[in-house]
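Each chain is listed here by its residues.
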Amino acid sequence: MLILGIESSCDETGIALYDSEAGLLSHALHSQVAMHAEYGGVVPELASRDHIRRVVPLLRSTLEKAGKSLTAIDAVAYTRGPGLSGALLVGCAFAEALALALDKPTIPVHHLEGHLLSPLLSADPPTFPFVALLVSGGHTQLMKVTGVGEYELLGETLDDAAGEAFDKSAKLLGLPYPGGALLSQLAERGDPEKYTLPRPMLHSGDLSFSFSGLKTAVLTLVREQDEPLADEFKADAARAFQEAIVEVLVKKSLKALKQTGLKHLVVAGGVGANRQLRSTLDAEAKRKRFRVYYPELEFCTDNGAMIALAGCLRLQAGTPAKRAGEFSVQPRWPLMQMSSTS
């Protein structure tokens with residue numbers, strides 16, 4: 001069974017071909033970061049227009065790399081939500097039109113489910129059940145995952161997500177868009193003993209998160225400095241911020257493992273690429289004898305491979321494919337509304 005995956009929820013256009021027997025055959029991705037950097041953030045109208053320009057060339061490239069033709073495709077999976085409505089509509093409309101022309105069914109996919117399942121693309125994939133730490137964009141959640149579509153929410157952020165806190169704090173430090181990854185790089189040069197920032201909700205007794213206060217603490221630190229900010233201060237502040245956010249994510253993840261009695265932890269989403277988070281979790285896993293799994297770095301950000309995979313796993317789990325031609329997008333779509341058959 002050959003599944004075409006299409007991702008267009010925000011500022012990356014992703015296309016992939018996933019074979020149920022052979023695995024991922026090929027994928028292609030275009031990032032709009034350079035275009036949006038001029039504006040300091042994603043401009044939704046520009047994002048939608050760029051998806052339109054990129055989707056056909058990326059599809060051709062993906063088919064060529066896999067040595068496949070359009071007629072070989074058995075179903076088309078695409079991101080239905082959540083995300084930017086205009087960007088979602090581009091991928092959705094293209095997928096439904098293509099599937100209708102090929103007389104193939106479609107599989108609307110939840111974007112976060114794609115991230116959640118993305119570690120299954122690895123050579124050493126996790127097995128169900130596992131605890132998942134999902135740190136993608138505006139989402140920070142801990143979930144117990146029993147199977148495809150079988151999700152139990154253990155805790156989530158009450159305000160800013162980890163990724164949002166990274167980007168907003170980076171902006172406070174004067175880093176250009178997209179700042180989160182640059183902040184992480186800068187933190188590697190910082191002194192971990194120079195500043196100490198709060199660990200929001202670390203001792204809350206539950207598995208909820210809150211990162212807006214951490215961002216405010218960075219703002220307070222910045223206001224105490226002379227302008228322009230010294231490079232040494234930026235590095236030290238970045239390190240203090242990252243130390244705080246990593247400690248919270250790690251401690252809450254360990255608590256979730258203890259609470260569920262599970263021994264497998266999956267980390268997915270853009271923040272899952274953070275090197276300090278990975279090294280800290282790896283050390284804890286060795287010390288406390290559990291396994292931790294991450295997506296390959298190229299699959300931490302939005303991509304078509306995770307959508308194609310999720311679509312394939314949905315079909316295998318019994319979710320019926322839908323007839324092409326009728327569609328809608330869901331810019332706001334809680335993952336917990338998903339089930340193994342919807």
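Since we're looking at a predicted model, the values are computed, not measured.

The UniProt entry lists His 111, His 115 and Asp 302 under the feature "binding site: Fe cation" (unreviewed entry), expressed in the numbering used here. Annotated residues spanning 192 residues; largest pairwise C-alpha distance 8.5 Å, indicating a single compact cluster. Within the secondary structure, His 115 sits in helix 4 (residues 111-117). In this structure His 115 comes out as buried when scored by relative accessible area, which is 0%. Its location among the elements puts Asp 302 in the loop between strand 10 (291-293) and helix 10 (304-316).

Looking at the chain, the domain boundaries give domain 1 (2-117 + 302-337) and domain 2 (127-294). Placing a centre on the C-alpha atoms of domain 1 and another on those of domain 2 gives a separation of 28 Å. Facing the 19 residues of domain 1 at the interface are 18 residues of domain 2. Carbon and sulfur atoms make up 75% of the surface buried where domain 1 meets domain 2, a total of about 1400 Å² over both sides. It is Leu 112, Leu 116 and Met 336 in domain 1 that bury the most area against domain 2; as a group they hold 41% of the surface buried on that side. Taken together, the links from domain 1 to domain 2 amount to zero salt bridges. Linking domain 1 with domain 2 are three residue pairs in polar contact (both at pLDDT 80 or more). Counting residues per element, the ones that place at least two in the side of domain 1 that touches domain 2 are helix 1 (33-37), helix 4 and helix 10. Examining the composition of the side of domain 1 that touches domain 2, we find that six residues originate from one element, helix 4, more than from any other. Across the side of domain 1 that touches domain 2, the residue classes break down as eleven nonpolar, five polar and three charged.

Cut-offs applied
Residues numbered from 1 in each chain as written. Predicted model: local features only at pLDDT ≥ 70, side-chain atom pairs only at ≥ 80, totals over all residues. Heavy atoms only, no water. UniProt positions renumbered as here; feature names shortened; annotations may be inferred. Helix = DSSP H or I, 4+ residues; strand = E, 2+ residues; numbered from the N terminus. Buried < 20%, exposed > 50% of the residue type's maximum accessible area, 1.4 Å probe, protein only. Domains from an automatic or database assignment. Contact = heavy atoms within 4.5 Å. Buried area = accessible area lost by both parts, 1.4 Å probe. Salt bridge = Lys/Arg side-chain N within 4 Å of Asp/Glu carboxyl O. Polar contact = N/O pair within 3.5 Å; in protein donor to acceptor, adjacent residues only side chain to side chain. Nonpolar A, V, L, I, M, F, W, Y, C, P; charged D, E, K, R; others polar.

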